[in-house]
Amino acid sequence: MAWFKNLQNTLKLNTEKKKGIPDGVWLKCKSCSEIIYRKELLKNSQVCPHCSYHFPLSADEWVDIMFDEGTFKEWDKHLQAADPLKFVDSEKYKDRLKRAQTKTGRADGVVTGSGQLNGHSVVIAIFDFGFMGGSLGSVSGEKILRAVEMAIEKRFPLIIISASGGARMQEGMFSLMQMAKTSAAIAKLGEHRLPYISILSNPTTGGVTASFASLGDINIAEPKALIALTGPRVIEKTIRETVPEGAQCAESLLKNGFIDKIVDRREMKKTISKLLEFFQE
Amino acid sequence: MLKENMLTSSGVMMNRELDMAGTATRIDSVTETKAGSKGKSKKNRPEFIDKHTAWEIVQLARNPYRPFTLDYINLIMTDFVELHGDRGFRDDGAIVGGFANFNGEPVVVLGHQRGKTTEEKLRRNFGMSYPEGYRKALRLMKLAEKFQKPVFTFIDTPGAFPGLEAEGRGSAEAIANNLKEMSRLKTPIISVIIGEGGSGGALAIGVADRILMLENAIYSVISPEGCAAILWNDESKAAEAAKRLKISAGNLLNMGIVDEIVPEPEGGAHIDYERTAANLKRAFINNLTELKELSPYLLVEQRYEKFRRIGEYLEE
Ligand SMILES: [Zn+2]
């Protein structure tokens, strides 16, 4: 794993890029086009102060937002993909992985661990959309399973923050089966009467939505997040049905009854903390 | 006997020269090895070699003359009583199910149903279920659990129906809930992929103690066409995608995703319905006999372990 450690060092220099913010002091909001002072955005949990657009967060940024300072401990950091299919498309899966690793400084796309959230001990799994679109493969499936089993062992509540385009096609059926693997773990957690809060951020689609992300005791979505099994582009392409603006956003899912609450990111920690108090044994 | 070491990515080509008998031996020996090692050391298992190219198998799996779920139910079970509806929204024709007698005992059976005539294809929505289809399936499985009957599921779908209405009624939630509930169902579940196992829509009725697969069926995380469109922006590369995705029964047995391959007559299942059904019936009986020896508790724990182990990753 020496190359990985080297990689991590070079990446520390690159934190700003890793956090998905363009260089420069100012940036333009993708949603309302207002100019925002970058420091202001950071203080605001990366939510546009003008229109409340939620900028995408990396896993590290979520850790900063959710956990009491210095309490988070990461697990299984070095698990990485094995390329069981030796998959090659326009480029090798191995090369894609390396690129994603260089970009994010992570071995794969899900961060797991535990820490204190307003004094509550919780186990968490966080998807990093920047790592191959947050796709669910063997590594993310295994890390989630281990996190759930650790939650059972420690009797801690579980939180999963999803941001994913779905199953990682480069791992073929191994990736599809991670849906069953993770859902089975969630079922087991439930039998142990431990709470699971699922946070669906933008976007949560495909196999992740069709497994653990929809299975929370409480399902919380971020405002305007795209949440779907089949996203609008694929629907339009496969069955040529026109998808109206916002038909698959968090607000529609709330109306249709699939999520409990839409929570502004700036209120997320407070809301989760309050919910955890209800669950306390 | 086996030329297991000869299998490489080009193994498919070499294998086309193998004869029918040779392949049948192959299936038996694979099953034996697997049973002997309880499936734990898949490294020592002989490789299974497909008889056709990936794209030929895709065509066979989708062949409109292939036996469908109701054909198998009628051929290997008796007294089928179809039960309808999800008790919530409607009866989804893309999934059929009910009670039946199998080998002298009552069972619950369900599966995706494709259509043979144009009218039936439309009524069955080409085997693409809406969420209420998955909910109907789960209702039947819960019924099986309550009255301690084994469950057989037949997988044969291009995928969950990718439409806005289906999305709005919660395709994702319905599939997720089935995965979760099936993983803890306290009664034996045996699934078989008989044609096309299309992604989440297939898995939604496929979290089983034993996953069988017909020799010329496919099971894939994404359709070869969808994969080709995403990766190369070119659907005509579907044949190439089919090969690389490793979606054939042989590949999936070697990968440890499926437990057993059910042989088809030469030319495919559609050539001889009775023979294919007889092969499937034999596999059902063998697997059910083994599963019935386990207590509900052990059964569920073994099922958990089975899925827990699936995945390939590197750890320092
Ligand atoms: Zn804005």
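Predicted model, so just to flag it, every value in this text is computed and none were measured. Throughout, residues of each chain are indexed from 1 in the direction in which the sequence is written. Note on labels: chains are lettered from A, ligands numbered from 1, in written order. Reporting of local features is limited, given that this is a predicted model, to residues whose pLDDT is at least 70; pairs of side-chain atoms are given and counted only at 80 or more, and all residues count toward the totals for whole chains, interfaces and linings. Values reported for side chains reflect all heavy atoms of the structure, with hydrogen atoms and water molecules removed beforehand.

A.B. asks: Got a minute to help me understand the overall build of chain B in this structure?
C.D. replies: Within chain B one finds 14 helices and nine strands. The rule is simple: take the accessible area with a 1.4 Å probe, protein chains only, and divide by the maximum for that residue type; under 20% is buried, over 50% is exposed, in between is partly exposed. Relative to its full complement of 316 residues, chain B shows a buried share of 58%. Contacts between residues were defined by any pair of non-hydrogen atoms, one from each residue, lying within 4.5 Å. The contacts in chain B between residues at least 6 apart in sequence include a share of 73% that link residues at least 24 apart. Of the roughly 12600 Å² of accessible surface on chain B, a fraction of 52% belongs to carbon and sulfur atoms. The way it works is that DSSP assigns letters per residue, a run of H or I at least four long becomes a helix, a run of E at least two long becomes a strand, and they are numbered from the N terminus. Computed with the Shrake-Rupley method and a 1.4 Å probe, the accessible areas treat only the protein chains shown as cover for residues.

A.B. asks: Sorry if this is basic, but what is going on with the packing of helix α7 (residues 172-191) of chain A against helix α8 (residues 171-184) of chain B here?
C.D. replies: Working note: a packed helix pair is described by the angle between its axes plus the distance between those axes. Helix axes use the C-alpha atoms of the stretch in contact, all axes being lines fitted to C-alpha atoms, and the angles between their N-to-C directions lie in the range 0 to 180 degrees. Between α7(A) and α8(B), the shortest axis-to-axis distance is 8 Å and the interhelical angle comes to 65°. On the basis of the axis angle, α7(A) is roughly perpendicular to α8(B). Viewed along their axes, α7(A) and α8(B) form a crossing whose handedness is right-handed. Facing M179(A), A180(A), S183(A), A184(A), A187(A), K188(A) and E191(A) of α7(A), the residues of α8(B) in contact are I175(B), A176(B), L179(B), K180(B), S183(B) and R184(B). Here the residues of the contact of α7(A) with α8(B) are counted per class, giving seven nonpolar, two polar and four charged. Our angle categories are set so that under 35 degrees counts as roughly parallel, over 145 as roughly antiparallel, 65 to 115 as roughly perpendicular, and the remainder as oblique. By definition, any crossing whose near helix is turned counterclockwise from its far helix by less than a right angle is left-handed, and any crossing with a clockwise turn is right-handed. Under the scheme applied here, ten amino acids are nonpolar (Ala, Val, Leu, Ile, Met, Phe, Trp, Tyr, Cys and Pro), four are charged (Asp, Glu, Lys and Arg), and all others, including Gly, are polar.

A.B. asks: Would you take a moment to explain α7(A) for this structure?
C.D. replies: Owing to its 3.6 residues per turn, the α-helix aligns residues three or four sequence positions apart on the same side. Take the number of residues in a helix, subtract one, and multiply by 1.5 Å to get its expected span. Here α7(A) spans 30 Å end to end across 20 residues, near enough to the 28 Å set by a 1.5 Å rise per residue. When you tally the buried positions in α7(A), you get 18 out of 20 residues, the bulk of the element.

A.B. asks: In this structure, what is going on with the interface of chain B and chain A? I would like to understand it.
C.D. replies: In many reports, interface size means the accessible area that the parts give up when they come together. Listed per partner, the contact involves 54 residues of chain B and 60 residues of chain A. Accessible area, probed at 1.4 Å, shrinks when two parts are joined; the buried area is that loss added up over both. Summed over both sides, the interface of chain B with chain A buries roughly 4800 Å², with 69% coming from carbon and sulfur. Every case where a carboxyl oxygen of Asp or Glu lies within 4 Å of a side-chain nitrogen of Lys or Arg is listed as a salt bridge. Residue E149(A) is joined to R308(B) by a salt bridge in which the shortest nitrogen-to-oxygen separation is 2.7 Å. Two N or O atoms form a polar contact when they lie within 3.5 Å of each other; inside protein one atom must be a possible hydrogen donor and the other a possible acceptor, and for residues adjacent in sequence the pair counts only when both atoms belong to side chains. Between the two partners, chain B and chain A, sit 20 residue pairs in polar contact (both at pLDDT 80 or more). Counting only elements with at least two residues in the side of chain B that touches chain A, the list comes to α7 (164-168), α8, α9 (199-203), β7 (218-220), α10 (224-232), α11 (238-245), α14 (296-308) and β9 (313-314) of chain B. In terms of residue count, α8(B) provides more of the side of chain B that touches chain A than any other element does, 10 residues in total. Counted by class, the side of chain B that touches chain A contains 28 nonpolar, 10 polar and 16 charged residues.

A.B. asks: Just checking my understanding: could you explain the coordination of the zinc ion for this structure?
C.D. replies: Ideal coordination angles are 109.5 degrees for a metal with four donors arranged tetrahedrally and 90 or 180 degrees for a metal with six donors arranged octahedrally. Residues and elements named next belong to chain A. All of the protein donors around the zinc ion are C29 (SG), C32 (SG), C48 (SG) and C51 (SG); their distances to the metal are 2.2 to 2.4 Å. Seen from the zinc ion, its four donor atoms lie at angles of 105 to 113°, and the figure they make is tetrahedral. The donor set covers N, O and S atoms within 2.8 Å of the metal, switching to 3.2 Å for Na, K and Ca, and it leaves out water, so a site may look short of donors. Positions of the donor residues of the zinc ion, expressed as sequence spacing, correspond to C-x2-C-x15-C-x2-C. Of this pair, C32 sits in the loop between β1 (26-28) and β2 (35-37) while C48 sits in the loop between α3 (38-43) and α4 (59-66), and the two are 16 residues apart along the sequence. Among the residues examined, C48 registers a relative accessible area of 0% and is labelled buried. Geometry is assigned from the angles between donors: four donors with all angles from 85 to 135 degrees make a tetrahedral site, four or six donors whose opposite pairs exceed 155 degrees while the rest stay between 65 and 115 make square planar or octahedral sites respectively, and everything else is labelled irregular.

A.B. asks: Looking at this structure, I do not really get the domain arrangement of chain A. What am I missing?
C.D. replies: All names here are of chain A. Domain start and stop positions are those given by an automatic or database domain assignment. Per the domain assignment, the segments of chain A are domain 1 (18-55) and domain 2 (56-280). For domain 1 and domain 2, the distance between their C-alpha centres works out to 23 Å. Between domain 1 and domain 2, the contact holds 12 residues from the first and 14 residues from the second. Taking both sides of the interface into account, the surface hidden between domain 1 and domain 2 amounts to around 1100 Å²; carbon and sulfur atoms contribute 47%. At the boundary of domain 1 with domain 2, the tally comes to zero salt bridges. Applying the counting rule to domain 1 against domain 2 returns six residue pairs in polar contact (both at pLDDT 80 or more). Residue composition of the side of domain 1 that touches domain 2, grouped by class: four nonpolar, five polar and three charged.

A.B. asks: Just checking my understanding: could you explain the pattern of salt bridges for this structure?
C.D. replies: Here the idea is simple: oppositely charged side chains can pair when their charged atoms come close. Residues and elements named next belong to chain B. For the coordinates displayed, the defined rule picks out 42 salt bridges over all chains. A salt bridge links R62 to E196; the nearest nitrogen and oxygen atoms lie 3.2 Å apart. Residue R62 is found in helix α3 (residues 54-62), and its partner E196 is found in strand β5 (residues 189-198); the two are separated by 134 residues along the sequence. For R62, a relative accessible area of 23% translates into the label partly exposed. On the basis of relative accessible area, E196 is assigned to the buried category, the value being 9%. Notably, a salt bridge pairs E173 with R135, separated by 2.8 Å at the nearest N-O pair.

A.B. asks: What exactly am I supposed to notice about empty space enclosed by the protein here?
C.D. replies: Empty space among the atoms becomes apparent when a probe as large as a water molecule is rolled across them. Residues and elements named next belong to chain A. Buriedness for pockets is judged along seven lines, at least five of which must meet protein on both sides within 12 Å for an open set on the 1 Å grid over protein atoms alone, while cavities are sets there where a 1.4 Å probe fits but cannot get out, and lining residues have an atom within 4 Å of a point. Grid points are joined across faces, edges and corners, and a volume is the space filled by probe spheres set on the points. Enumeration over the complete set of coordinates arrives at one cavity of 30 Å³ or more. Computed from the structure, the largest cavity encloses a volume of approximately 80 Å³. Surrounding the largest cavity, H54, F55, P56, L57, W62, F129, A163, S201, N202, E222 and R265 form its lining. Class assignment of the residues belonging to the lining of the largest cavity gives a composition of six nonpolar, three polar and two charged.

A.B. asks: How do you make sense of the packing of aromatic side chains when you look at a structure like this?
C.D. replies: Residue and element names in this part refer to chain B. Here a Phe, Tyr or Trp ring, Trp counted by its six-membered ring, pairs with any other such ring whose centre lies within 6.5 Å, and the pair is stacked when the planes are under 30 degrees apart, edge-to-face when over 60, and tilted otherwise. Scanning the entire structure with this criterion turns up 10 aromatic pairs over all chains. Plain terms: the ring middles of F102 and F284 are 5.9 Å apart, the flat faces sit at 80° to each other, and that makes the pair edge-to-face. With F102 in strand β2 (residues 95-102) and F284 in helix α13 (residues 273-291), this residue pair connects regions lying 182 residues apart in the sequence. As far as burial versus exposure is concerned, F102 and F284 are alike and both buried. Seen in terms of ring centroids, Y130 and F161 are 5.0 Å apart; in terms of plane orientation they differ by 25°. Their pairing is stacked. Here F161 lies in the loop between β4 (151-157) and α7 and Y130 lies in the loop between α5 (118-123) and α6 (131-146), a separation of 31 residues in the sequence.

A.B. asks: Looking at this model, I keep getting lost on a positive patch on the surface. Mind explaining?
C.D. replies: Residues and elements named next belong to chain A. Like charges are joined within 9 Å and nonpolar side chains (Val, Leu, Ile, Met, Phe, Trp, Tyr) within 5 Å, but only among residues with over 30% relative accessible area and no salt bridge; these make up the patches. When charges are counted, Lys and Arg are positive and Asp and Glu negative, with His and the chain ends excluded. Taken as the charge location is NZ of Lys, CZ of Arg, CG of Asp or CD of Glu. A surface patch of like charges, here positive, comprises K86, K92, K94 and K98. Tracing the backbone shows K98 in helix α5 (residues 93-104). The class for K98 is partly exposed, based on a relative accessible area of 48%.

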